[in-house]
Amino acid sequence: MLIVMEHGATEEQIAVVVEAVKVLGLTPQPIPGENRVAIGVLGNQGYVDEEPFRDLPGIQDLIHVTKPYKLVSRDFHPGDSVVCVGGVEIGWGREPVVIAGPCAVESREQILAAARVVRAAGAKILRGGAFKPRTGPHTFQGLGYEGLEYLVEAGRAVGLPIVTEVMRIDQLDPVAALADCLQIGARNMQNFDLLKEVGRIGKPVLLKRGISATLEEFLAAAEYILLEGNAQVILCERGIRTFERALRNTLDLGVVPYLRQVTHLPVIVDPSHALGRRDLVIPMSKAAIVVGAAGIMVEVHPDPARALCDGPQSLDPAGFAHLMRDLRATPSIGSPVA
Ligand code: PEP
Ligand code: MN
């Protein structure tokens, strides 16, 4: 429930409401607004009884929140959140951030070469998968901890923070000790135990939308992380599965302006997995920035023809340099939400 206080509600009236929420065994979260204060009520498992609030002075409205998320919503947090990944700030209305690197870390040389390429062209964060969630078990499964070491070395060599995927709870602590941001992939978006555990880790999380997840499910997944105390969550639209088969997935770009209204968390777009084709990555990266994305994540490989994973959608060094040039000339909505 959201308790909206009257315009001129006094500190004392607010304190009385906060106390009334606590008496019910629930958690009050005051949300200061420009004109009035609201008090979010957290911790209820069902409908919150209005009776204890009915006669309290200073209350304008009681709004029952029926959605499965609260902490991620703008109702409970009107300002834009900024997530800081190794010194790089990602948030609505900020300069868009480019995350780039190969799908998978394949060797020390490969990730070092990729790191140099993306750094030289202007990427701000290096990506690379050490643990890979592959659809088939006969394909390259990632180098695991060895790959993580190479990724860390490459990030340090070029001075870029790193993001990498975690698939299991036992990977969280060792990966969090070395990486600047933990990626939860599309296939694990609803691995609720993993989400809860990553919520207890004080590292930024890049949460990718599941291939058939509704936006409500996507936001509810993020809510799991925030509820455990970690508010450093970046949402990533990476395409969803629809009836359309011409492309790998369907890039649902409308979610960018939509989510901007609904959540304070930054949203980035991954056109590589959405399209599955490198020739479409450049135009759709630009489109993502134009509609206000806080950044993009693209796959870049020093030699895509030899990539062990996702080669067809990976940009080569020249393609990435081209993309970065184009992005510099791309206007972003960039202004804060009204
Ligand atoms: C990836 O980023 O390499 C990846 C596996 O992404 P997704 O979870 O979106 O498929
Ligand atoms: Mn990939």
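Up top is the structure.
The structure contained in this document is the topic of the report that follows.

Thresholds, definitions, all that
Throughout this description, residue numbers start from 1 for each chain and increase along the sequence as written. Here chains are named by letter from A upward and ligands by number from 1 upward, in the order in which they appear as written. Note on the predicted model: pLDDT of at least 70 is required for a residue's local features to be given, and 80 or more for side-chain atom pairs to be given and counted; whole-chain, interface and lining totals, by contrast, use all residues. By convention in this description, side-chain values take in all heavy atoms of the structure and omit both hydrogens and water. Helix numbers and strand numbers start at the N terminus; a helix is a DSSP run of H or I with at least 4 residues, a strand a run of E with at least 2. The rule is simple: take the accessible area with a 1.4 Å probe, protein chains only, and divide by the maximum for that residue type; under 20% is buried, over 50% is exposed, in between is partly exposed. Methods summary: accessible areas were calculated by the Shrake-Rupley approach with a probe of 1.4 Å, and residue burial reflects only the protein chains presented. Only four residue types enter the tally: Lys and Arg on the positive side, Asp and Glu on the negative side; His and the chain ends are excluded. Note on charges: their place is set at NZ of Lys, CZ of Arg, CG of Asp or CD of Glu. Coordinating donors are taken to be N, O and S atoms lying within 2.8 Å of the metal, or within 3.2 Å when the metal is Na, K or Ca; because water is excluded from the atom set, some sites may appear incomplete. By the convention used here, residues are in contact when the closest approach between their heavy atoms is within 4.5 Å. Each aromatic pair joins two rings of Phe, Tyr and Trp (for Trp, the six-membered one) with centres within 6.5 Å, and gets the label stacked for planes under 30 degrees apart, edge-to-face for over 60, and tilted for any other angle. A strand pair is defined by DSSP finding two or more bridges across the two strands. Fitted lines through C-alpha atoms serve as axes, helices being fitted only where they are in contact, and the angles separating the N-to-C directions of these axes extend from 0 to 180 degrees. Residues are counted as near a molecule or strand when any one of their heavy atoms sits within 4 Å of it. Contacts described as polar in this section are N or O atom pairs within 3.5 Å, which, within protein, must combine one atom able to donate a hydrogen with one able to accept it, while residues neighboring in sequence count only if both atoms come from side chains. Think of it as three bins: nonpolar holds Ala, Val, Leu, Ile, Met, Phe, Trp, Tyr, Cys and Pro, charged holds Asp, Glu, Lys and Arg, and polar takes everything else, Gly as well. Among buried residues, those of type Ala, Val, Leu, Ile, Met, Phe, Trp, Tyr and Cys that are joined through side-chain atoms within 4.5 Å constitute a nonpolar core. The rule for a salt bridge is simple: a side-chain nitrogen of Lys or Arg has to be within 4 Å of a carboxyl oxygen of Asp or Glu.

### Points about the overall build of the protein
- Check the secondary structure of the protein and you find 10 helices and 14 strands.
- Here the C-alpha coordinates of the protein stretch approximately 70 × 40 × 40 Å along the principal axes.
- Among the 338 residues that make up the protein, the fraction classed as buried is 52%.
- When the accessible area of the protein is evaluated, it comes to approximately 14700 Å², of which 52% is carbon and sulfur surface.
- Computing the positive centroid from 33 side-chain charges and the negative centroid from 39, the protein places the two 9 Å apart.

### Some points on the coordination of the manganese ion (ligand 2)
- Here the manganese ion (ligand 2) is held by the protein donor atoms Cys 103 (SG), His 273 (NE2), Glu 299 (OE) and Asp 310 (OD), which lie 2.0 to 2.4 Å from it.
- Spacing between the donor residues of the manganese ion (ligand 2) along the chain follows C-x169-H-x25-E-x10-D. Here Glu 299, found in strand 14 (residues 295-299), pairs with Asp 310, found in the loop between strand 14 and helix 10 (317-328); they are 11 residues apart in sequence, far enough to count as distant.
- You can call Asp 310 buried: its relative accessible area is 16%.

### Points about the environment of Pro 271
- Assignment of secondary structure puts Pro 271 in helix 8 (residues 271-275).
- Counting along the chain gives 34 residues from Pro 271 to Glu 237, while the straight-line C-alpha distance between them is 8.3 Å.
- The residues touching Pro 271, leaving out its near neighbours within four places in the chain, are Gly 276, Val 281, Met 284, Ser 285, Met 297 and Val 298.

### Digging into the packing of aromatic side chains
- If you walk through the whole model with that rule in mind, you get two aromatic pairs.
- The interplanar angle of 80° and the centroid separation of 5.0 Å between the aromatic rings of Phe 131 and Tyr 145 together place this pair among those described as edge-to-face. With a gap of 14 residues between them, Phe 131 in the loop between strand 8 (125-127) and helix 3 (145-158) and Tyr 145 in helix 3 connect regions that are remote in the sequence.
- For Phe 131, a relative accessible area of 9% translates into the label buried.

### Some thoughts on the environment of Pro 283
- Positionally, Pro 283 belongs in helix 9 (residues 278-290).
- Residue classification places Pro 283 among the partly exposed positions, given a relative accessible area of 39%.
- Pro 283 sits 11 residues away from Ala 294 along the chain, and the two C-alpha atoms are 17 Å apart.

### Side note on the sheet that holds strand 7 (residues 97-101)
- Read around the closed barrel, eight strands run 7-8-9-10-11-12-13-14, paired in parallel fashion. Going across the sheet, the axis of each strand differs from the next one's by a mean of 25°, ignoring polarity.
- One ladder, built from two bridges, connects strand 7 with strand 8; its direction is parallel. Within strand 8, the residue paired with Ile 99 across the bridge is Ile 125.

### Overview of the site of ligand 1
- Every residue near ligand 1 is listed here: Cys 103, Arg 127, Lys 132, Glu 165, Gln 183, Gly 185, Ala 186, Arg 187, Lys 208, Arg 238, His 273 and Glu 299.
- Contacts to ligand 1 include Arg 127, whose side-chain N or O atom sits 2.8 Å from an oxygen atom.
- Here ligand 1, which alone exposes 300 Å², has 97% of that area covered by the protein.
- Grouping the amino acids of the shell around ligand 1 by side-chain chemistry returns two nonpolar, three polar and seven charged.

### Observations concerning the sheet that holds strand 2 (residues 27-31)
- Read from one edge of the open sheet, four strands run 2-3-1-4, paired in antiparallel fashion. At either end of the open sheet lies a strand with only one pairing partner, and these are strand 2 and strand 4 (59-63). For this sheet, the mean inter-axis angle between neighbouring strands, taken without regard to orientation, is 20°.
- Sheet topology places strand 1 (residues 2-5) next to strand 4; four bridges connect them, and they run antiparallel.

### What about the nonpolar core?
- Leu 126, Leu 182, Leu 207, Val 233, Leu 235, Leu 259 and Phe 320 are the most contacted members of the largest nonpolar core, which totals 77 residues.
- Here this core takes seven residues from helix 6 (residues 215-227), the largest share from any one element.
- Sequence-distant contacts of Leu 126, defined by excluding residues within four places in its chain, comprise Ala 100, Gly 101, Ile 111, Ala 115, Val 118, Leu 151, Ala 154, Gly 155, Leu 160, Pro 161, Ile 162 and Val 163.
- In this structure, Ala 9, Ala 20, Val 41 and Ile 59 belong to the second largest nonpolar core, which totals 16 residues.

### Notes on the side chain of Gln 183
- Among the secondary structure elements, Gln 183 is positioned in strand 10 (residues 181-184).
- Residue classification places Gln 183 among the buried positions, given a relative accessible area of 4%.
- Beyond its immediate chain neighbours, meaning those up to four positions away, Gln 183 contacts Arg 127, Val 163, Thr 164, Glu 165, Val 166, Leu 206, Lys 208 and Met 297.

### Here's the deal with the pattern of salt bridges
- One pass over the structure, following the stated rule, counts 16 salt bridges.
- Taking the shortest distance from any N to any O, the salt bridge between Arg 54 and Glu 50 comes out at 3.6 Å.
- Asp 252 serves as the salt-bridge partner of Arg 209, at 2.9 Å between the closest nitrogen and oxygen. Taken as a pair, Arg 209 in the loop between strand 11 (205-208) and helix 6 and Asp 252 in the loop between strand 12 (233-237) and helix 7 (255-262) lie far apart in primary sequence, 43 residues in all.
- Exposure remark for Arg 209: the relative accessible area of 4% places this residue in the buried category.
- The class of Asp 252 is partly exposed, set by a relative accessible area of 23%.
- Connected through salt bridges with shared partners, the residues Glu 50, Glu 51 and Arg 54 form a single ionic network.

Such coordinate-based values are descriptive only and should not be taken to indicate function.
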